[in-house]
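The chain contents come next:
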Amino acid sequence: MFDIQQMVRKCILKRKEYIPGKPIEEVEREYGIPHIIKLDSNENPLGASPLAIEAMIREIKERSHLYPESLCYDLSRKLAVKFGLQSESIFIDNGADGVITMIGLTFLNPEDEVIFAEISFPAYDNIVAKMGAKSVKIPMRRDFTIDIDAMIKAIHQNTKLIFLCNPNNPTGLMTSKNEFEQLIAQTPENVLIISDEAYFEFADHEDYPDTLQYLKNHKNLIILRSFSKIMGLAGLRVGYAMAAPEIVKAMLKAREPFPVNRIAQAGALAALDDDAFIDKTKCLNQEGLHYFYDAFDAMGLTCYKSHTNFIMVDVGMDADFVFEELLKKGIIVRPLKAQGIKNGLRITIGLMEQNHRVIQALKEIFKGNIQNGKDK
Ligand SMILES: Cc1ncc(COP(=O)(O)O)c(C=O)c1O
């Protein structure tokens, strides 16, 4: 008898489907509004690196009919040179998401425990659940930073992995060099620390840890990065890990044969050379962040110092309500209620005119709400 409930692995049956940010097309259809702005997935508002676009067009024309190089030879060599590593220390996959999945497939058995912050990137919990392992979620400190002491205390004999999202998504806050050093010093060698640095290019604070320097003496460290954020290549899906060659070799056995397509490899390779685009993105991001700090301050709203290209703000009322009202005005952001922050919104820093539109829309929503007698 065909009974899907009996056939599917129990840990998959229990999962809820992942709900990604709303696509522009869906909001246009639902609300009938043109000129939607999408500030919910921390993409680059400037688009993709122009050098990457040129390289991709060339690749499409000349080599679309050929399988890509499985090991992303040129890209892994270029990353290795850039970061002073051997190319055997580079593992590239279908987005940082793909790398996280491969970490799970390679290392997690059902009895294993995985430690990460309670409010952090959802992919950690997802992969742990899919592998039938156990998530150990560490409550945040009152200021929403990650409680490294509590993480260290949570390590015991079944711990296999620790995910540290730094800077953290969705808070935008960072773990300092001192705290990172504490974590790495007190984590046994048979427990892997994954430092997820999808936003590291935006984090130029002097206390932000340069984790590369620990790779040589800590074989249990995996550094995770992405081409989706500052490089503007989210649609292409390229992410990478830097780790000891033994780790990379093990993960290569779990990997699909061609996880990174040819166009994506060509685009990522060219994007690495586009310093002008990277600088322009950083400048725009800083300008946008400061605009939001000032605007939220003037509105009496609490926001958090961000080391990323997004900002978390406490809107002082149910974030799902504000999210819906913003949607009606053609603005997509991310409500954080599902992650346990009832009044929290995460807003990607956009182009300046988009940022102005967000603040204008929020003012209208709050004004309307007060006029309707709702509690702000
Ligand atoms: C902290 C963090 N890690 C990993 C990812 C996944 O990045 P990618 O697009 O490379 O899969 C994201 C994407 O938003 C992220 O915020």
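Residues numbered from 1 in each chain as written. Predicted model: local features only at pLDDT ≥ 70, side-chain atom pairs only at ≥ 80, totals over all residues. Heavy atoms only, no water.

Colleague: Could you give me a rundown of the side chain of lysine 160, with the residues and numbers involved?
Modeller: Structurally, lysine 160 can be placed in strand S5 (residues 159-165). Within polar-contact distance, the side chain of lysine 160 engages the backbone oxygen of phenylalanine 107 at 2.7 Å. Apart from the residues lying within four places of it in its own chain, the contact partners of lysine 160 are Phe107, Leu108, Asn109, Asp112, Glu113, Asn190, Val191 and Leu192. (Helix = DSSP H or I, 4+ residues; strand = E, 2+ residues; numbered from the N terminus. Polar contact = N/O pair within 3.5 Å; in protein donor to acceptor, adjacent residues only side chain to side chain. Contact = heavy atoms within 4.5 Å.)

Colleague: Describe the sheet that holds strand S12 (residues 334-335), naming the residues involved and giving the relevant values.
Modeller: Within the open sheet, the 4 strands sit side by side as S9-S10-S13-S12. Their pairing is antiparallel. The strands lining the two open edges of the sheet, one partner per strand, are strand S9 (302-303) and S12. When strand S10 (residues 310-314) meets strand S13 (residues 344-348), the two strands line up antiparallel, connected through 5 bridges. The residue of S13 that forms the bridge with valine 313 is leucine 345. Relative to the sheet, helix H13 (residues 275-298) contacts S9, S10 and S13, its axis offset from that of S10 by approximately 10°. In the packing of helix H14 (residues 319-328) onto the sheet, the strands contacted are S12 and S13, and the crossing angle to S13 comes to about 40°. (Pairing = 2+ DSSP bridges. Axes fitted to C-alpha atoms, helices over the stretch in contact; angles between N-to-C directions.)

Colleague: So what's going on with the layout of surface pockets? Residues and values would help.
Modeller: Space inside the largest pocket adds up to approximately 990 Å³. Within the residue set of the lining of the largest pocket, elements represented by two or more residues are strand S3 (113-117), helix H7 (123-130), H14 and S12. No other element matches H14, which puts 3 residues into the lining of the largest pocket. Here the lining of the largest pocket is composed, by residue class, of 14 nonpolar, 5 polar and 14 charged. (1 Å grid on protein atoms, 1.4 Å probe; cavity = no way out; pocket = protein on both sides within 12 Å on 5 of 7 lines; lining within 4 Å. Points joined across faces, edges and corners; volume = space filled by probe spheres on them. Nonpolar A, V, L, I, M, F, W, Y, C, P; charged D, E, K, R; others polar.)

Colleague: Quick one: what's the story with the sheet that holds strand S2 (residues 90-93), residue by residue and with numbers?
Modeller: The mixed open sheet is built from 7 strands, whose spatial order is S2-S8-S7-S6-S5-S3-S4. In the strand order of this sheet, the two ends are held by S2 and strand S4 (134-138), each with one partner. Each neighbouring strand pair of the sheet contributes to a mean axis angle of 20°, computed without reference to strand direction. Across 4 bridges, the pairing between strand S6 (residues 192-196) and strand S7 (residues 221-226) is parallel.

Colleague: Quick rundown of unusual backbone geometry? Include the residues and the values.
Modeller: Cis rather than trans, the peptide bond between asparagine 166 and proline 167 has omega equal to -5°. As for its placement among the helices and strands, proline 167 is situated in the loop between S5 and helix H9 (177-186). The step from asparagine 169 to proline 170 runs through a cis peptide bond, and the omega angle for that step is 20°. Take proline 170: it is sitting in the loop between S5 and H9. Notably, arginine 237 is not glycine yet its phi reads approximately 70°, a positive angle.

Colleague: Give me the lowdown on the site of the ligand, citing residues and values where you can.
Modeller: Residues in contact with the ligand amount to 13 residues; listed here are only the nearest, Ala96, Asp196, Tyr199, Ser228 and Arg237. Here an oxygen atom of the ligand sits 2.7 Å away from a polar atom, N or O, in the side chain of serine 226. One nitrogen or oxygen atom from the side chain of arginine 237 is found 2.6 Å from an oxygen atom belonging to the ligand. Within the complex, the protein chains bury 93% of what would otherwise be the 400 Å² of accessible surface of the ligand. (Near = heavy atom within 4 Å. Areas by Shrake-Rupley, 256 points an atom, 1.4 Å probe, with all protein chains shown as cover.)

Colleague: So, the nonpolar core: which residues are in play, and what are the values?
Modeller: Judged by nonpolar contacts, the single largest core of 62 residues is most densely connected at Leu75, Leu79, Ile92, Met151, Phe227, Leu233 and Val238. Once residues within four sequence positions are removed from consideration, leucine 75 is found in contact with Ile92, Phe227, Val238, Ala268, Leu269 and Leu272. Membership of the second largest hydrophobic core comes to 33 residues, among which are Phe296, Val315, Ile331 and Leu345. (Core = buried A, V, L, I, M, F, W, Y, C linked by side-chain atoms within 4.5 Å. Buried < 20%, exposed > 50% of the residue type's maximum accessible area, 1.4 Å probe, protein only.)

Colleague: So what's going on with empty space enclosed by the protein? Residues and values would help.
Modeller: It is a probe the size of a water molecule, rolled over the atoms, that shows where empty space is left. One pass over the structure, following the stated rule, counts 1 cavity of 30 Å³ or more. Classifying every residue of the lining of the largest cavity gives 5 nonpolar, 4 polar and no charged.

Colleague: Residues and numbers for the domain arrangement of the protein, please.
Modeller: Under the domain assignment, the protein is made up of domain 1 (8-47 + 275-371) and domain 2 (50-271). The straight-line distance from the C-alpha centre of domain 1 to that of domain 2 is 24 Å. Taken together, the contact pairs 27 residues of domain 1 with 31 residues of domain 2. Across the domain 1/domain 2 interface, buried area totals approximately 2500 Å², and carbon plus sulfur atoms make up 62% of it. The three residues of domain 1 that bury the most area against domain 2 are Arg15, His307 and Gln339, which together make up 26% of that side's buried surface. Inspection of the domain 1/domain 2 interface yields 0 salt bridges. At the junction of domain 1 with domain 2, the criterion picks out 7 residue pairs in polar contact (both at pLDDT 80 or more). At the level of secondary structure, the elements contributing two or more residues to the side of domain 1 that touches domain 2 comprise helix H2 (10-13), H13 and S10. In terms of residues, the side of domain 1 that touches domain 2 owes the most to one element, H13, which gives 5 residues. Taken together, the residues of the side of domain 1 that touches domain 2 break down into 10 nonpolar, 11 polar and 6 charged. (Domains from an automatic or database assignment. Buried area = accessible area lost by both parts, 1.4 Å probe. Salt bridge = Lys/Arg side-chain N within 4 Å of Asp/Glu carboxyl O.)

Colleague: So what's going on with the packing of aromatic side chains? Residues and values would help.
Modeller: If you walk through the whole model with that rule in mind, you get 11 aromatic pairs. Look at phenylalanine 116 and tyrosine 124: their rings are 5.9 Å apart centre to centre, the planes differ by 65°, and that puts the pair in the edge-to-face class. Each of the two residues, phenylalanine 116 as well as tyrosine 124, counts as buried. Judged by centre distance (5.5 Å) and plane angle (20°), the ring pair of phenylalanine 292 and phenylalanine 296 falls under stacked. Here phenylalanine 292 pairs with phenylalanine 296, and both are found in helix H13, just 4 residues apart, close to one helical turn. Neither phenylalanine 292 nor phenylalanine 296 differs from the other in exposure class; each is buried. One aromatic cluster is present, formed by Phe116, Phe121, Tyr124 and Phe163 through successive ring pairs. (Phe/Tyr/Trp six-rings, centres within 6.5 Å; stacked < 30°, edge-to-face > 60°.)

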